[in-house]
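# A structural walkthrough
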2 protein chains.
Amino acid sequence: MAILRIEGAQIITMAGGDTEVRQGWTLEAVDGEITYVGPAEDLEPAAEPDEPIDGSGCLLLPGFVNAHTHAAMTLFRGSADDMPLTPWLEEKIWPVEAKLDEQDVYWGTTLGIAEMVFAGVTCFNDMYHHPEIGARAAIDAGMRMCPSGVLLGILPNAEELLAAAREFTREFADRDDLCIHPMLAPHAPYTCPRELLERVIEAARELAVPIHIHLAETEQNVAASMETYGRRPVQAMDEVGLFSVPVSAAHCVHLDERDIEIVAERQVGVAHCPGSNLKLASGMAPAQALLDAGARVGLGTDGCGSNNNLDLLEEARLAALIAKVREDDPTVVPADVALRMATIGGAQALYLEDIIGSLEPGKRCDCILVDLDAPHLHPRHSLVSHLIYSARASDVHTTIVDGNVLMHDRALTTIDLDEAYARVTESAERLFR
Amino acid sequence: MAILRIEGAQIITMAGGDTEVRQGWTLEAVDGEITYVGPAEDLEPAAEPDEPIDGSGCLLLPGFVNAHTHAAMTLFRGSADDMPLTPWLEEKIWPVEAKLDEQDVYWGTTLGIAEMVFAGVTCFNDMYHHPEIGARAAIDAGMRMCPSGVLLGILPNAEELLAAAREFTREFADRDDLCIHPMLAPHAPYTCPRELLERVIEAARELAVPIHIHLAETEQNVAASMETYGRRPVQAMDEVGLFSVPVSAAHCVHLDERDIEIVAERQVGVAHCPGSNLKLASGMAPAQALLDAGARVGLGTDGCGSNNNLDLLEEARLAALIAKVREDDPTVVPADVALRMATIGGAQALYLEDIIGSLEPGKRCDCILVDLDAPHLHPRHSLVSHLIYSARASDVHTTIVDGNVLMHDRALTTIDLDEAYARVTESAERLFR
């Protein structure tokens, strides 16, 4: 029996979305499942842990959920910035991706996991080539991941990729001993013909896994959908039947009122990616309207080709900041709402809210300690404000996934960083030669 | 003779705006003045330093210039978020500011300096009450500062404040033994009647110091100016003669084409404050158009009431990101331009480009070392891209102002942080009781 106990921290549980800061509480987990969160004096210990974690001077909260990324794209970081999306994809990204081998994906993903663990991310939704290799990196690091292999209808081997994705998904969908939650990932409506989408929907239903897709990212996406379907992307996908299964949709920038209604009614998970959307000049998603309509809204970093980091806390700040200027209203997406999107909202966007996203008995123990000993976190008017508007990823002191400590006192426990640096440097040199 | 030498770092000098990364260069400074930046083998040492600074694994560049802030407002951090500007100022900020005493300003400013030094800021342009106390905090910490006492025409003691500001400015304007560069600070066109502005302009000319002012921050500012002057704020201030002396103008969000021309022609320094402008829903300043017109454009954090931190690197990232979505063009404000705004552009905005903003012989030695040993800074396609799009303030390893090391290996050398925490906590408790 593995017992984890965290004592002395201030705690935000996010249970039911609650952002109240609790003093004098303790968290206990047994074999990776949270068994107690409450006043220290009321704890009936399961047994004594080897060594309780001292959370004094820290804030304990659920780990951040990165609801959309392509982790191995750390390999592309800084290789092509300040470009429009289409030439960026067609000239800079896809030609290099065509050369990727399994080692590249393993170490690119490992570097991404290292970066995320340092930044307090405890779960990431990943769409990329060689998903079985990305998943291997996550398993080796002890990270929670929703892997999916990207399905592009425009590729000659689309059939083969779908068969492989079914196989891969089936392998992991039956196992609950690992922190791996597979999805199926048709890339986007504009890159997947209707027949492929329909077969993926059928497979998702059969395998009981969600679909991960890019949706309504740019104006051009809307124009392409109008041309193909005579409808905007969300309405077209509704008509195709995509939302008859659980869907995690990245971006959702260009939505009209009807689109927003559909996203909310069909309970589509939205991964709002403000950093990537700004950097590629895609636009600003209607986050507050989606929340008001009752959608499942989380946050994503997108890949390091377009962000250029995997810092989910930065996305939370960006989400809070840009919503205000988008709506010309400084009261929208306040700090507590941004914090919800970064945690329980992300879990909802991935259909994982029953197991992660808040600190409650019965859920898996994915949590972080944020060190409050920094000038930018003083004085202490509001810790929720400080988290969203002033803290940085580097303030994360400890990251725990499924009850296992992956980072403590800014040191990783499961990843050899020097090897990761060497391997990604090798890969980058070969790929960009 | 105090000799500082930094060896083994990669160097971006920013001389003439150059962002090329140099390998194998050394920097030497004698008594705070840079005497050599160039290939290590060509250095003719002034003498041997006590201990050369090892920059290996780091990037050496000019310190960041925070071209607009109210440092003591660290005291307000997190006390009132997600509110519109006018009730925020009138209900939350000004009533508390009326209670500020000298101790509050000293420790609030000291905490802000600590935060900035940790974030690689080596100079800040500060407008606040009790400027002589803020300047005392900067002198005690060894920080470079442009202090100015805020002049509000709407206050009953405006006359007294102007006399005090003249006195204070005269005291420091004659001294070049300190890193203190005073300015005069009429708060804004909408809070200062024309007569007061004219008297401040006259004083600035007489004392040979620049003016620091808020300008065209909100739509309401534009409306107020139209009502008072029948012109937009920039055109009104031009007509009043403000730009006949050097001016550092914060915000400059709401500018039309003629305004942009005037700002460029009159060489007005602009402190672009994207974080504050987003958070208060003020808008997005036309940074690229100002740069294209040839204006002096730097970056500011604004005060912690509206930001909520003093992280200039975050402002550089925000400036690069929001320009793209503002102009619907991902090629505007690329990484090198953002880096220029954060360094030499800021120096230009403060009329200090002859002494800081780049690493060149003859300038004062204000510089930082950024530690590159982090997952989010790998692989190494472009260090300029990594700085702007992926690095964080916490990657700053060493901060040097006027040749003095104020922070090394994440430890401050001149500020007692525990005392600062205790004092600002006391102040916050009293002020917000």
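Residues numbered from 1 in each chain as written. Chains lettered and ligands numbered in written order. Predicted model: local features only at pLDDT ≥ 70, side-chain atom pairs only at ≥ 80, totals over all residues. Heavy atoms only, no water.

## Things to note about the interface of chain A and chain B
Here is the rule we go by: Should any heavy atoms of two residues lie within 4.5 Å, those residues are considered in contact. Criterion for a salt bridge: a side-chain nitrogen of Lys or Arg within 4 Å of a carboxyl oxygen of Asp or Glu. Between N or O atoms, a polar contact is any pair within 3.5 Å; within protein, one atom must be a potential hydrogen donor and the other a potential acceptor, and residues adjacent in sequence are included only when both atoms are from side chains. A run of H or I in DSSP becomes a helix once it reaches four residues, and a run of E becomes a strand once it reaches two; helices and strands are each numbered from the N terminus.
With 59 residues of chain A at the contact, the number on the chain B side is 61 residues. One salt bridge in this structure joins Glu314 of chain A and Arg317 of chain B, with 2.4 Å as the shortest N-O distance. Scanning the region where chain A abuts chain B turns up 29 residue pairs in polar contact (both at pLDDT 80 or more). Mapped by element, the contributors of at least two residues to the side of chain A that touches chain B are α2 (102-118), α9 (274-279), α11 (312-327), α13 (383-389) and α14 (417-431) of chain A. The leading source of residues in the side of chain A that touches chain B is α11 of chain A, at 6 residues.

## A few points about the pattern of salt bridges
Spelled out, the test is: Think of it in three bands: with a 1.4 Å probe and only protein chains considered, a residue is buried below 20% of the maximum accessible area for its type, exposed above 50%, and partly exposed in between.
Following the criterion strictly, the structure yields 63 salt bridges over all chains and no others. Here Asp259 of chain A makes a salt bridge to Arg232 of chain A, at a shortest N to O gap of 2.8 Å. One end of the pair, Asp259 of chain A, is in helix α8 (residues 257-265); the other, Arg232 of chain A, is in the loop between α6 (219-229) and α7 (233-240), with 27 residues separating them in the sequence. Of the residues examined, Asp259 of chain A reaches a relative accessible area of 0% and is grouped as buried. Each of Asp238, Arg258, Glu261, Glu265 and Arg266 of chain B takes part in salt bridges that share partners, so that together they form one network.

## Quick word on the packing of aromatic side chains
Two numbers describe a pair of aromatic rings. These are the distance of the centres and the angle of the planes. Filter applied, for reference: Classification of ring pairs uses Phe, Tyr and Trp, with its six-membered ring standing for Trp, and accepts pairs whose centres are within 6.5 Å; under 30 degrees between planes counts as stacked, over 60 as edge-to-face, and the remaining range as tilted. Two conditions define a charge located above a ring, namely a distance within 6 Å from the ring centre to NZ of Lys or CZ of Arg, and an angle within 35 degrees of the ring normal.
In this structure the tally under the stated criterion is 6 aromatic pairs over all chains. For the cation-ring pair, Lys279 of chain A lies above Tyr389 of chain B, with the distance from its terminal atom to the ring centre recorded as 4.6 Å. Just above the ring of Tyr351 of chain B sits the side chain of Arg296 of chain B; from NZ or CZ to the centre is 4.2 Å.

## Observations concerning the domain arrangement of chain A
Residue and element names in this part refer to chain A. Worth spelling out the cut-off: Start and end points for every domain follow an automatic or database-based domain assignment. A 1.4 Å probe defines the accessible area here, and the buried area is the portion of it lost by two parts on being joined, summed over both. When residues are grouped by polarity, Ala, Val, Leu, Ile, Met, Phe, Trp, Tyr, Cys and Pro land in nonpolar, Asp, Glu, Lys and Arg in charged, and all others, Gly among them, in polar.
For chain A, the assigned domains are domain 1 (3-62 + 358-412) and domain 2 (64-349). Its C-alpha centre places domain 1 at a distance of 28 Å from the equivalent point of domain 2. Approximately 2400 Å² of surface area, both sides summed, lies buried where domain 1 meets domain 2, with 69% of it carried by carbon and sulfur atoms. Where domain 1 meets domain 2, there are 2 salt bridges. For the side of domain 1 that touches domain 2, the secondary structure elements donating two or more residues are β6 (58-62), β15 (367-371), α13, β16 (396-401), β17 (404-408) and β18 (411-412). The element that contributes the greatest number of residues to the side of domain 1 that touches domain 2 is α13, accounting for 5 residues. Classifying every residue of the side of domain 1 that touches domain 2 by side-chain character gives 19 nonpolar, 6 polar and 6 charged.

## Some points on α11 of chain A
Residues and elements named next belong to chain A. Put simply, the rule reads: Here, expected helix span is obtained from the residue count minus one, scaled by 1.5 Å.
With 16 residues, α11 ought to run about 22 Å at 1.5 Å a step, and its terminal C-alpha atoms sit 22 Å apart, in line with that. Here α11 starts with a cap whose side-chain oxygen sits 3.1 Å from the backbone nitrogen of Leu313, and that cap is Asp311. Following α11 by one or two positions, Asp328 adopts a phi angle in the positive range, close to 55 degrees.

## Regarding the sheet that holds strand β1 (residues 3-7) of chain B
All names here are of chain B. For clarity, the cut-off: Strand pairing follows a simple DSSP-based rule, namely that at least 2 bridges must link the two strands.
If you walk across this open sheet you meet the 4 strands as β4-β3-β1-β5, and the pairing is mixed. Two strands close off the open sheet at either side, each with one partner strand: β4 (33-39) and β5 (53-54). Sheet topology note: the β1/strand β3 (residues 25-30) ladder contains 5 bridges and is antiparallel. When the bridges of β3 are listed, Ile6 appears paired with Leu27.

## What to know about the sheet that holds β15 of chain A
All names here are of chain A. With mixed pairing, the 6 strands of this open sheet are ordered in space as β2-β6-β15-β16-β17-β18. Single-partner strands in this sheet number two, and they are β2 (10-11) and β18. As paired strands, β6 and β15 are joined by 5 bridges and run antiparallel to one another. Each residue of the ladder has a partner; that of Leu60, found in β15, is Leu369.

## Section: the environment of Asp336 of chain B
All names here are of chain B. Positionally, Asp336 belongs in helix α12 (residues 335-349). In this structure the C-alpha to C-alpha distance between Asp336 and Val405, which are 69 residues apart in sequence, comes to 26 Å. Apart from residues no more than four positions distant in its own chain, Asp336 is found in contact with Thr19 and Val384.

## Focus: the environment of Asn308 of chain B
Following the sequence through the fold, Asn308 of chain B ends up in the loop between β14 (296-299) and α11 (312-327). A sequence separation of 230 residues divides Asn308 of chain B from Gly78 of chain B, and the C-alpha atoms of the two residues are 7.0 Å apart. Reaching out from Asn308 of chain B, the side chain makes a polar contact with the side chain of Ser385 of chain A at a distance of 3.3 Å. A polar side-chain atom of Asn308 of chain B sits 3.0 Å from a polar atom in the side chain of Lys279 of chain B.

## Quick look at the pairing of strand β9 (residues 144-151) of chain A
Residues and elements named next belong to chain A. Test applied: The handedness rule is simple: strands pointing away from the viewer, and a clockwise path from the first strand over the helix to the second, make the crossover right-handed.
Burial of β9 is extensive: 8 of the 8 residues sit out of reach of the surface. Where strand β8 (residues 121-128) meets β9, 6 bridges bridge the pair, whose relative direction is parallel. Each residue of the ladder has a partner; that of Met127, found in β9, is Ser148. With helix α3 (residues 131-141) bridging β8 and its parallel neighbour β9, the resulting β-α-β unit is right-handed. As defined by bridge partners, β9 adjoins strand β10 (residues 185-186) across 2 bridges and the pair is classed as parallel.

## So, the nonpolar core
Rule in force here: Remark: nonpolar core denotes a set of buried residues (Ala, Val, Leu, Ile, Met, Phe, Trp, Tyr, Cys) joined through side-chain atoms within 4.5 Å.
Core analysis: the biggest nonpolar cluster contains 251 residues, and Met143 of chain A together with Met143 of chain B have the highest contact counts within it. Residues contacting Met143 of chain A, with those up to four places away along its chain left out, are Ile113, Met116, Val117, Val121, Thr122, Cys123, Phe124, Ala138, Cys179, Val401 and Leu406 of chain A.

## Quick notes on the relation of the copies chain A and chain B
Let me state the cut-off plainly: A least-squares fit on C-alpha atoms brings the copies together, and the residues used are those whose pLDDT is at least 70 in both copies.
Least-squares fitting of chain A to chain B yields an RMSD of 0.0 Å, with the superposition described by an axial translation of 0.0 Å and a rotation of 180 degrees. Taken together, the rotation and translation describe the operation of a two-fold axis. For chain A, the minimum C-alpha distance to the rotation axis belongs to Ser394 of chain A and amounts to 3.2 Å.

## What about a negative patch on the surface?
All names here are of chain A. Threshold: Patches in this entry comprise residues that are over 30% relatively accessible and not in a salt bridge; like charges within 9 Å are linked, as are nonpolar side chains (Val, Leu, Ile, Met, Phe, Trp, Tyr) within 5 Å. Residue exposure ignores everything except the shown protein chains as possible cover, and the areas themselves are Shrake-Rupley values with a 1.4 Å probe. Two residue types count as positive, namely Lys and Arg, and two as negative, namely Asp and Glu; His and chain ends fall outside the count. Lys charges are placed at NZ, Arg charges at CZ, Asp charges at CG and Glu charges at CD.
Taken together, Glu102, Glu132, Glu167 and Glu171 make up a surface patch of like negative charges. Along the chain, Glu171 turns up in helix α4 (residues 158-173). By relative accessible area, which is 46% here, Glu171 ends up partly exposed.

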